[in-house]
Amino acid sequence: MYRRRSDPRGRMVAEITNDLRRYSVDAQHVGHAFAGLHGLNPTDLQALIAVMEAELVGDPITPGRLGEVLNLSSGSVTALVDRLERAGHIRRDRDTADRRKILLHYADRGATLAQSFFGPLGRRTDEVMDRFTDDELAVVHRFMGEMVHSMRAHRDEVRAARGTGTEPPGDR
């Protein structure tokens, strides 16, 4: 994405945009390396991330919600969950409040594999965050939250455009 670099703010915005792009690409490379080591395809990896994110906020994901997040049909989600469960990455549990509801969780084997691979990255991340004050981290957190919201809104527009047979925003 081109940004005018004639003024200090424009240069800073361009540098931040480039940093976000480089971070995203490098994160994808790391994720693909993990997937390759464990026989996972890109959708498998996205599913594991969605399961992990849901668990981190204390709201385990259902197969239906996973399908919404990944934009998959119910049949595709069933095959995906079956595959990840057979491989020991996730487990299905019944909700204790509503026994009809199935919740997806990281299985012990999957959590161990992820921890052994991503643990060093987590330590590096902690070291970087330790160099920032609480106030600075609050600003970064707010910025990243807004960037995630913006990216997801764009993703949803692209998905909607593809679903209607029109061109995605930016391709018109």
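The model shown is predicted, which means the values in this text are computed figures rather than measured ones. (Residues numbered from 1 in each chain as written. Predicted model: local features only at pLDDT ≥ 70, side-chain atom pairs only at ≥ 80, totals over all residues. Heavy atoms only, no water.)

## Things to note about the overall build of the protein
Put simply, the test is: Per the convention used, a helix needs a DSSP run of H or I reaching at least four residues, while a strand needs a run of E reaching at least two, with both numbered from the N terminus. Throughout this description, buried means an accessible area under 20% of the type-specific maximum (1.4 Å probe, protein chains only), exposed means over 50%, and partly exposed covers the range between. Note on definitions: a residue-residue contact is assigned when non-hydrogen atoms from the two residues lie within 4.5 Å.
Looking only at helices and strands, the protein features six helices and two strands. Listed N to C, the secondary structure of the protein is α-α-α-α-β-β-α-α in terms of helices and strands. Viewed in the frame of its principal axes, the protein has a C-alpha envelope of about 60 × 45 × 35 Å. Every one of the 172 residues in the protein was classed for burial, and the buried ones make up 23%. In the protein, once contacts between residues fewer than 6 apart in sequence are set aside, the share between residues at least 24 apart is 41%.

## Section: a nonpolar patch on the surface
Just so we agree on the cut-off: To count toward a patch, a residue needs a relative accessible area above 30% and no salt bridge. Like charges then connect within 9 Å, nonpolar side chains (Val, Leu, Ile, Met, Phe, Trp, Tyr) within 5 Å. To be clear on the numbers: accessible area is Shrake-Rupley with a 1.4 Å probe, and residue cover counts the displayed protein chains and nothing else. One side-chain nitrogen of Lys or Arg within 4 Å of one carboxyl oxygen of Asp or Glu is enough to make a salt bridge.
A contiguous nonpolar patch, built from M12, I16, V140, F143, M144 and M147 and spanning about 470 Å² of accessible area, is present on the exposed surface. Mapped by element, the contributors of at least two residues to the nonpolar patch are α1 (8–37) and α6 (134–164). For the nonpolar patch, the leading source of residues is α6, giving four residues. Relative to the helices and strands, M147 resides in helix α6.

## So, the pattern of salt bridges
Side chains carrying opposite charge are able to pair once their charged atoms draw close together. Here the structure, examined in full by the defined rule, presents ten salt bridges. Salt-bridge contacts for D44 lead to R83; the nearest nitrogen and oxygen are separated by 2.7 Å. Pair noted here: D44 is in helix α2 (residues 42–56) and R83 is in helix α4 (residues 74–86), with a separation of 39 residues, a long-range link. By relative accessible area, which is 32% here, R83 ends up partly exposed. Close ionic contact of R155 with D156 constitutes a salt bridge, the shortest N to O distance being 3.0 Å.

## Some points on unusual backbone geometry
Here the phi dihedral of N71 falls at roughly 60°; this positive angle occurs in a residue that is not glycine. Mapped onto the elements of the fold, N71 is located in the loop between α3 (63–70) and α4.

## Quick word on the packing of aromatic side chains
Aromatic rings considered in pairs are described by the distance between their centres and by the relative angle of their planes. Selection criterion: Only centres within 6.5 Å qualify two rings of Phe, Tyr or Trp (six-membered ring in Trp) as a pair; their planes then separate them into stacked at under 30 degrees, edge-to-face at over 60, and tilted for everything else.
What the rule picks out here adds up to three aromatic pairs. Seen from their ring centres, F117 and F118 are 4.8 Å apart, and the 75° between their planes marks the pair as edge-to-face. Its relative accessible area of 27% is what places F118 among the partly exposed residues. Among the aromatic side chains, those forming a connected cluster through ring pairs are F34, F117 and F118.

## A short note on the confidence of the model for the protein
Short version of the rule: The predictor rates its confidence in each residue with pLDDT, a number between 0 and 100.
Across the protein, the average pLDDT comes to 91, with 92% of residues at or above 70. This model gives residues 165–172 a pLDDT under 50, and the stretch forms ten contacts once residues within four places in sequence are excluded.

## So, the environment of L113
Here L113 lies in helix α5 (residues 108–129). In sequence terms L113 and H89 are 24 residues apart; their C-alpha atoms lie 8.5 Å from each other. Dropping the residues within four chain positions of it, L113 is found in contact with F34, H38 and H89.

## Let's talk about α2
As a reminder, the rule being used: Working rule for helices: expected span equals 1.5 Å times residues minus one. Identification of polar contacts relies on pairs of N or O atoms within 3.5 Å, with a donor-acceptor requirement for protein atoms, meaning one able to donate a hydrogen and the other able to accept it, and with residues adjacent in sequence counted only if both atoms are side-chain atoms.
An ideal rise of 1.5 Å per residue puts 21 Å on 15 residues; α2 measures up with 21 Å between its terminal C-alpha atoms. Buried within α2 are the following residues: D44, L45, A47, L48, A50, V51 and A54. Buried-residue contacts for α2 involve α1, α3, α4, β1 (90–94) and β2 (102–106). At the N-terminal end of α2, a side-chain oxygen is found 2.9 Å from the backbone nitrogen of T43, two or three residues along, and the residue is N41.

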